Amino acid sequence: MSNPWIAIGALAVVALAIPITMMAVSSLLRPRVPEQGKTATYESGEVPTGSSRQIKFNIQYYMVALLFVIFDIETVLIFPWTVIYRDAVGAVGMSKVLLPMVVFIGVLVVGLGWAWRNGAVRWVRSPRATKGADTYE
């Protein structure tokens, strides 16, 4: 019988070799066309102003991203519960299975309501970003 660590080591070598090889080949084959647009700072569609040390972005993007992460984690936590729900109800009863999930979802709904009331989910466009956006040239 072979050692299982050999397979894990081989998988680790392959997992490192494939991306490194792909990056090396792409750096050799890609065209080198220097443009000012390629070196410009870009962050979520906002037009930066000032130097790279004083770039100002709309905080709204980060608020929406944090809310997405919270509700993405909610999905990850609810999915296993839905898989074992029927067996768990048979084993311990409906109230012991349903109550913790209702409390969990209730806390998330209260958090979403708070974020909605404070304007965290309302997307406000910056006047700098919309300047000239209506013209197609």
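Coordinates for the structure precede this section.
Residues numbered from 1 in each chain as written. Predicted model: local features only at pLDDT ≥ 70, side-chain atom pairs only at ≥ 80, totals over all residues. Heavy atoms only, no water.

Break down the overall build of the chain for me, with residues and values.
Assigned secondary structure in the chain consists of five helices and zero strands. Looking at the chain alone, contacts between residues at least 24 apart form 58% of all its contacts between residues at least 6 apart. By element, 69% of the accessible surface of the chain is carried by carbon and sulfur atoms, the whole surface being about 11700 Å². (Helix = DSSP H or I, 4+ residues; strand = E, 2+ residues; numbered from the N terminus. Contact = heavy atoms within 4.5 Å. Areas by Shrake-Rupley, 256 points an atom, 1.4 Å probe, with all protein chains shown as cover.)

Run through helix 1 (residues 4–29), naming residues and quoting values.
Its 26 residues give helix 1 an end-to-end C-alpha distance of 38 Å, which sits within 8% of 38 Å, the value for a rise of 1.5 Å per residue. You can read the cap of helix 1 off the contacts: a side-chain oxygen lies 3.1 Å from the backbone nitrogen of Trp5, and it is on Asn3. (Expected span 1.5 Å × (residues − 1). Polar contact = N/O pair within 3.5 Å; in protein donor to acceptor, adjacent residues only side chain to side chain.)

Got a sec to walk through the nonpolar core? Specific residues and values, please.
Counting residues in each nonpolar core, the largest one holds five residues, listed as Ile78, Trp81, Ala88, Val97 and Met101. Counting residues per element, the ones that place at least two in this core are helix 3 (60–92) and helix 4 (94–117). A total of three residues in this core trace back to one element, the largest contributor, which is helix 3. Among all residues touching Val97, those that are not within four sequence positions of it are Trp81, Tyr85, Ala88, Val89 and Val92. (Core = buried A, V, L, I, M, F, W, Y, C linked by side-chain atoms within 4.5 Å. Buried < 20%, exposed > 50% of the residue type's maximum accessible area, 1.4 Å probe, protein only.)

Let's hear about the environment of Ile59: which residues, and what values?
For Ile59, the position within the fold is in the loop between helix 2 (36–39) and helix 3. According to the relative accessible area criterion, Ile59 is exposed, its value standing at 56%.

Outline a nonpolar patch on the surface, supporting the account with residue identities and numerical values.
Taken together, the side chains of Ile59, Tyr61, Tyr62, Met63 and Leu66 make up a nonpolar region of the molecular surface, amounting to roughly 460 Å² of accessible area. Here Tyr61 shows up in helix 3. (Patch = residues over 30% accessible without salt bridge, like charges linked within 9 Å, V, L, I, M, F, W, Y side chains within 5 Å. Salt bridge = Lys/Arg side-chain N within 4 Å of Asp/Glu carboxyl O.)

Kindly report on the side chain of Glu74, identifying the contributing residues and their values.
On the secondary structure map, Glu74 appears in helix 3. Setting aside anything within four residues of it in sequence, one finds Glu74 in contact with Phe104 and Leu108.

Residue-level account of helix 3, with values.
Helical periodicity: at 3.6 residues per turn, an α-helix aligns residues three or four positions apart in one direction. Tyr85 marks where helix 3 bends most, by close to 60°. Those residues of helix 3 not exposed but buried are Gln60, Leu67, Glu74, Ile78, Trp81 and Ala88. Tucked inside the fold, the buried residues of helix 3 contact helix 4. Immediately downstream of helix 3, the backbone of Gly93 shows phi near 105°, a positive value. (Bend = angle between axes of the 7 residues up to and from the residue.)

An account of the packing of helix 3 against helix 4 is needed here, citing residue identities and associated values.
Packing of helix 3 against helix 4 brings their axes to within 9 Å, and their N-to-C directions diverge by 165°. One way to sum up the angle between helix 3 and helix 4 is to call them roughly antiparallel. Two packed elements cross with a definite hand, and for helix 3 against helix 4 that hand is left-handed. Mapping the contact onto sequence places Leu67, Ile70, Phe71, Glu74, Leu77, Ile78, Trp81, Tyr85, Ala88, Val89 and Val92 in helix 3 and Met94, Lys96, Val97, Leu98, Met101, Phe104, Ile105, Leu108, Leu112 and Ala115 in helix 4. Grouping the amino acids of the contact of helix 3 with helix 4 by side-chain chemistry returns 19 nonpolar, no polar and two charged. (Axes fitted to C-alpha atoms, helices over the stretch in contact; angles between N-to-C directions. Parallel < 35°, antiparallel > 145°, perpendicular 65-115°, else oblique. Left-handed = near helix turned anticlockwise from the far one by under 90°. Nonpolar A, V, L, I, M, F, W, Y, C, P; charged D, E, K, R; others polar.)

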